[in-house]
Amino acid sequence: MILINYLKSTILSKFVMAITGVILVLFVIGHCVGNLQVFLGKDAFNSYAYFLQERLGELLWLIRIGLIAAAVFHIITSVWLKFLNWGAKPTKYQVKNYVKARLTSRTMIWTGIMIFAFLTYHILHFTMGVVHPEDYNKTDYYVTNAVSVDKVNNGTLNDTEGSDECCAEGTATNAKESIINYNGSMYKVEGDEPILSERHDAYAMVISGFQKPLVSILYIIGVILLGFHLNHAIQSSFQTLGYNNPKYFPKIVAGSTILSILIVLCYIAIPISILLGLVGGRV
Amino acid sequence: MTLDSKIPSGPLKDKWDKHKFEMKLVNAANKRKYKAIVVGTGLAGASAAASLAELGYVVEAFTYNDSPRRAHSIAAQGGINAAKNYPNDGDSIWRLFYDTVKGGDFRAREANVYRLAQVSNNIIDQCVAQGVPFAREYGGLLDNRSFGGAQVSRTFYARGQTGQQLLLGAYSALSRAIGKKQVTMHNRKEMLDLVIIDGKARGIVTRDLVNGKIESFWADAVIIATGGYGNVFFLSTNAQACNVTATYRTYKKGALFANPCYTQIHPTCIPLSGEHQSKLTLMSESLRNDGRIWVPKNKGDKRKPNEIPEEERDYYLERKYPSFGNLAPRDISSRSAKEVCDEGRGVSATGFGVYLDFTDSINRLGKKVIEERYGNLFEMYERIVGEDPYKTPMMIYPASHYTMGGLWVDYNLMSTIPGLHILGEANFSDHGANRLGASALMQGLADGYFVIPYTIGDYFARNKFDKVSIDHPEFKKTESEVIEKTNKLLSIKGKKTPTMFHRELGKVLWEYCGMGRNEAGLKKALELVPKIREEFWQNLTIVGESNDLNMSLEKAGRVADFLEFAEVLLWDALERDESCGAHFREEHQYPDGEAKRDDEHFAHVAAWEFTGVGNKPVRHVEPLVFENVQLALRSYK
Amino acid sequence: MRLKLFIWRQKNAQDKGHMEKYPVDDVQEDMSFLEMLDVLNEKLILEGKEPVAFDHDCREGICGACSLTINGIPHGHEKGTTTCQLHMRKFKDGDTIYIEPFRAKAFPVIKDLVVDRSAFERIMQAGGFISVNTGNAIEANSLPIPKKNAELAMDAAQCIGCGACVAACPNAAAMLFVSAKVSQFALLPQGQPERKRRVLAMVNQMEKEGFGACTNFYECEAACPKQISVRFIAMMNRDYLCSRVSEPVEV
């Protein structure tokens, strides 16, 4: 219980909201930058995904636990405060007009709840593969002892694409040249023969996931809600943490709006590009 | 009755120090055995309650507002005087004393005024220590400005809200004492009567304004700090609830009412716009520094001010007082405005207003300078009147603002009833016949912080107090009188509201006992007022119950007291057959319109004793002795 | 002009209360909002009906007594103005005006439009002062204060304690009121000795009184008749956090 003792103070609660919020915003930004690599192609994206999942090791779980904790505290505190706030104003005005409060600030709890629902779905889809498992269960084979080269077109291909039996050993044996073509990309192999490894095909998962219009639309809505939420949240965290200088605060408010719009645009660029066939057409 | 002012002997400068030494003390451990009631929690009341509590006395404080912070001291704009002499311009305690006596047209007690000047410096120290954000120079030290009636800069200020900041300072001290359970605070409780047992003031009877309960409270001393009676004129710059009830009812119980005819009229208020108006708003007098006052030359000229050509305007102050012009003293300026309006040359919808024109100043100095000086005042004017004073001349008219008269007190601030102390605007003591700007705040705080904490101890130490309780027959008797009066008000069931009677009374007083008074008018008013009062008790209507929040019942009780009190005011104005300060008897003036005092016959305080409603009260006299200043013509030329 | 008023009528604290319709004629534009209500009340009294109870006193915008929510905005729609200074010329002929009391759990209705704001008193009593007994003070000019700080302290000190901030806040938070007092003293050297104790005690009392939490809507600042800035809330947040960390004594 000592963990939620802070709820006794509204200011401390707000402080927890702000700190956990800042952590989650940083994640949202990081996640966004990561996701944008989908525009760099399959290999880059899958390498990034592989890096996150396999290379980080325990650190990944540390980050995950951190994020989950932040989210849990963020949610518990917000729900607690919401009930407290409802209780503080038991009788509503018959007529109410707002002067400064914007739609985004007044709907934080609702956008929050919807974002939470969306996030659950999003994790079940892309992180855990529980919904639409066909998207998730894709494997990517890649050459581990090679570096990709451009404009090389005379290599020979020794392997067939994505055949499971072949890759069980994780190697390709027929390479003679130092330049090979694998999966349509050209590689310069360091040894005599390329070594193939397998990894989760996140790229294909994203492409096939977003090629379903319904999934894309859901995603776009979720991200726009997130944008609404962040529009109020970012500047609000400055105020709660005690920074409100009349000279800079208007800039912070404007910056908060710009940043939240930027985040929305970056995120929704992905499903839109996929739906339009600009990305992933080759899958 | 002889009025003993108990002024200590000895040189003026040493009187207060000598007195402080001669006063008996209450042992620190015994202080908690004495209880004081403080009625009113404005500057004087809050500062007294807090200071007494800090000393260790048991204090119960009362206000009819929902918080002590609402008291009307909060509305004072200008500032507070003190003889700090920070600007190095020759100020001193003696000069502040002299300016105040002279400003009061030599109708105040020397010793009281000197003490006021002495403690003025402590007040500033105290307020700064409480965190009052006075205006400062870039060097971080306190700023001063000059104010009417003084040639030195001695006024400390916090923007245009000095009264607010000082009251909030006293309120914070009071809040601290309440939090420490040293003061029991009673909000929304109005004092309706005083209880006297064995000749001493021993308690009060109050009405709870929320549930109508009539309750009694006992104490060893009662302090009344309930402000002035300016609302007797109906329209004034006072707050809506300001009233004479507490002071008037103690007067009925035997305290004397001194100099009620000294009522100050402020020349620069926003004029009346119609019958519905509930109050007049004051604007800083500093406006007269840059504005020119005029009315049309011709009667009933209804043209817009900007359409009236220069030669058809009458800049009457500049014409009549060429050397002083628009900066003529408050009373002269006020009376001149009334004169031109009575001639039918007044402006505004009601005909009671004169122009205060900034066109010349704007042309000379530029709009920016005027905006810097008066921006917030112009804004306030525009909000209330709906006209832009940068384009159309402002309209102003005088309004009742402050009352110098009040219950008679001696040097210890005790009235003729032992144990009944009166502080602040509610007493009569320090301003004489006229009050200087920025002196009201000073007096209220001086009484509360630095006088009563000493003198009440002397009263406690010199007297023996039998134990009383609120079951004492005197309390029961007073309670039933109060209940009876309340029920009587509710039972009339006539056809006129309390406000209608109040407005009627106000009109009579403003007409005959306002800025200019004369024998015939005062006598006429003395005939009119009893008639209104008579009708009041026959034709009043109030809706609602006595055991409920009932604002028209509250109002009716206050109006009933104003209707009786008005006669005391009129008698005083009639009997003081001289002009002095704010009391202007048209029969007594110099050719230039200055008030003509009659020092031979009227260099005294007139204190009135109640003899029954409708009867002429008895006038007692306390001669004023001037040993240190020479009585001179009050001239600012 | 003619107006249609809907006014909250509530007999006492126990009564449920309801909106009642009052048409008023011959409203003049020079009237203040409260004078318009005076006219209505005079009419009601003469008709033998109970007048509408509302708090008011100075009628010049400084005492903080008046407290109406007009068309859903405390003190009405005009910026930086109390109800008593709001004039009828800001309305149009034929307007419908809804008049309700300040709403908050911590401000229970006493009758009609009158609410009990004593929660503010108790917050002040908990710590809204500098502990200096009468006579203790040092010479005023021995404590220079930078003009900038004095001015900023004055900006905060202007609060009239009307409670519009609470009424405007959808959460009924009292942060603007409390932070104005806390910041006034925090900005002045006189306030330093008790600075931590004060902010902890005042916030603690504020939370006991049942005010809501601040969610940075900034409606309080918009409704404040003295236009006190929400930056003081940020200052108080900072002060509170620092004090919570560094002040070992429970208050």
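Residues numbered from 1 in each chain as written. Chains lettered and ligands numbered in written order. Predicted model: local features only at pLDDT ≥ 70, side-chain atom pairs only at ≥ 80, totals over all residues. Heavy atoms only, no water.

Asks: Tell me about the overall build of chain A, residues and numbers included.
Replies: Looking only at helices and strands, one finds ten helices and five strands in chain A. Burial statistics for chain A: of 283 residues in total, 42% are counted as buried. When the accessible surface of chain A is split by element, carbon and sulfur atoms take 67% of a total near 15,400 Å². (Helix = DSSP H or I, 4+ residues; strand = E, 2+ residues; numbered from the N terminus. Buried < 20%, exposed > 50% of the residue type's maximum accessible area, 1.4 Å probe, protein only. Areas by Shrake-Rupley, 256 points an atom, 1.4 Å probe, with all protein chains shown as cover.)

Asks: Got a sec to walk through the packing of helix H13 (residues 498-513) of chain B against helix H15 (residues 551-575) of chain B? Specific residues and values, please.
Replies: All names here are of chain B. The interhelical angle for the contact between H13 and H15, taken along N-to-C directions, is 20°, at an axis separation of 9 Å. Relative to H15, the element H13 lies roughly parallel. Here the hand of the crossing between H13 and H15 comes out left-handed. The residues of H15 that touch H13, namely those facing Pro498, Thr499, Phe501, His502, Leu505, Leu509 and Cys513, are Ser552, Lys555, Ala556, Val559, Phe562, Leu563, Ala566, Leu569, Leu570 and Ala573. (Axes fitted to C-alpha atoms, helices over the stretch in contact; angles between N-to-C directions. Parallel < 35°, antiparallel > 145°, perpendicular 65-115°, else oblique. Left-handed = near helix turned anticlockwise from the far one by under 90°. Contact = heavy atoms within 4.5 Å.)

Asks: Give a detailed account of the side chain of Asn141(C), specifying residues and quantitative values.
Replies: Mapping Asn141(C) onto the fold places it in the loop between helix H2 (118-127) and helix H3 (147-157). Judged by its relative accessible area of 16%, Asn141(C) is buried. In this view, Asn141(C) contacts Tyr86(B), Leu141(B) and Leu142(B); residues no more than four positions away in its chain are not counted.

Asks: Give me the lowdown on the domain arrangement of chain C, citing residues and values where you can.
Replies: Much of the literature gives interface size as the accessible area that the parts lose upon coming together. Residue and element names in this part refer to chain C. Splitting chain C by domain gives domain 1 (3-111) and domain 2 (118-246). When each unit is reduced to the centre of its C-alpha atoms, the spacing between domain 1 and domain 2 is 29 Å. Summed over both partners, the interface of domain 1 with domain 2 comes to about 1,300 Å²; 66% of that surface belongs to carbon and sulfur atoms. Interface area lost by domain 1 to domain 2 is led by Pro74, Ala106 and Phe107, which between them contribute 33%. Here domain 1 is connected to domain 2 by zero salt bridges. The interface formed by domain 1 and domain 2 contains one residue pair in polar contact (both at pLDDT 80 or more). Here the side of domain 1 that touches domain 2 is composed, by residue class, of eight nonpolar, six polar and three charged. (Domains from an automatic or database assignment. Buried area = accessible area lost by both parts, 1.4 Å probe. Salt bridge = Lys/Arg side-chain N within 4 Å of Asp/Glu carboxyl O. Polar contact = N/O pair within 3.5 Å; in protein donor to acceptor, adjacent residues only side chain to side chain. Nonpolar A, V, L, I, M, F, W, Y, C, P; charged D, E, K, R; others polar.)

Asks: Summarise the interface of chain C and chain A; cite the residues concerned and give the values.
Replies: In this complex, chain C contributes 47 residues to the contact, which on the side of chain A involves 37 residues. Counting the surface lost from both chain C and chain A, the interface buries some 3,500 Å², and carbon and sulfur atoms represent 57% of this. Between chain C and chain A we count one salt bridge in total. One salt bridge in this structure joins Glu221(C) and Lys100(A), with 2.2 Å as the shortest N-O distance.

Asks: I'd like a rundown of the pairing of strand S10 (residues 221-224) of chain B, residues and numbers included.
Replies: Residue and element names in this part refer to chain B. Judged by which residues are buried, S10 turns out to be covered on both faces: Ala221 and Ile223 on one side and Val222 and Ile224 on the other are all buried. Note that strand S1 (residues 35-39) and S10 share four bridges and pair parallel. Opposite Ala36, over in S10, you have Ala221 as the bridge partner. In the sheet, S10 pairs with strand S18 (residues 420-422) via three bridges, with the strands oriented parallel. Bridged to Ile223 within S18 is His421. (Pairing = 2+ DSSP bridges.)

Asks: I'd like to hear about the sheet that holds strand S3 (residues 68-70) of chain C, residue by residue, with values.
Replies: All names here are of chain C. Overall, mixed pairing links the five strands, which are arranged S2-S1-S5-S3-S4 in an open sheet. In this open sheet, the two strands that pair with only one neighbour each are strand S2 (18-24) and strand S4 (73-74). With four bridges connecting them, strand S1 (residues 3-9) and strand S5 (residues 96-101) associate as parallel partners. The partner of Leu5 across the bridge, within S5, is Ile97.

Asks: Could you give me a rundown of the interface of chain C and chain B, with the residues and numbers involved?
Replies: With 75 residues of chain C in contact, the opposing surface of chain B contributes 76 residues. Taken together, the two surfaces of chain C and chain B that pack against each other cover about 6,200 Å², and 51% of this comes from carbon and sulfur. Applying the counting rule to chain C against chain B returns eight salt bridges. The partner of Lys279(B) in a salt bridge is Glu60(C), and the shortest N-O contact between them spans 2.6 Å. Joining chain C to chain B, the criterion identifies 46 residue pairs in polar contact (both at pLDDT 80 or more). When the residues that make up the side of chain C that touches chain B are grouped by side-chain class, the tally is 35 nonpolar, 20 polar and 20 charged.

Asks: Talk me through the packing of aromatic side chains; I want residue IDs and the actual numbers.
Replies: Residues and elements named next belong to chain B. Counting across every chain of the model gives 48 aromatic pairs over all chains. When the ring of Tyr248 is compared with that of Phe565, the centres are 6.3 Å apart and the planes differ by 80°; the resulting orientation is edge-to-face. Taken together, the residues span a long stretch of sequence, with Tyr248 in helix H6 (residues 245-252) and Phe565 in helix H15 at a distance of 317 residues. Given a relative accessible area of 0%, Phe565 falls into the buried group. Among the aromatic residues, those joined into a cluster by ring pairs are Tyr229, Tyr248, Tyr251, Phe257, Phe565 and Phe610. Over the ring of Trp294 we find Arg313; its NZ or CZ atom is 4.1 Å from the centre of that ring. Positioned above the aromatic ring of Trp537 is the side chain of Lys488, whose terminal nitrogen or guanidinium carbon lies 4.7 Å from the ring centre. (Phe/Tyr/Trp six-rings, centres within 6.5 Å; stacked < 30°, edge-to-face > 60°. Lys NZ or Arg CZ within 6 Å of the ring centre and 35° of its normal.)

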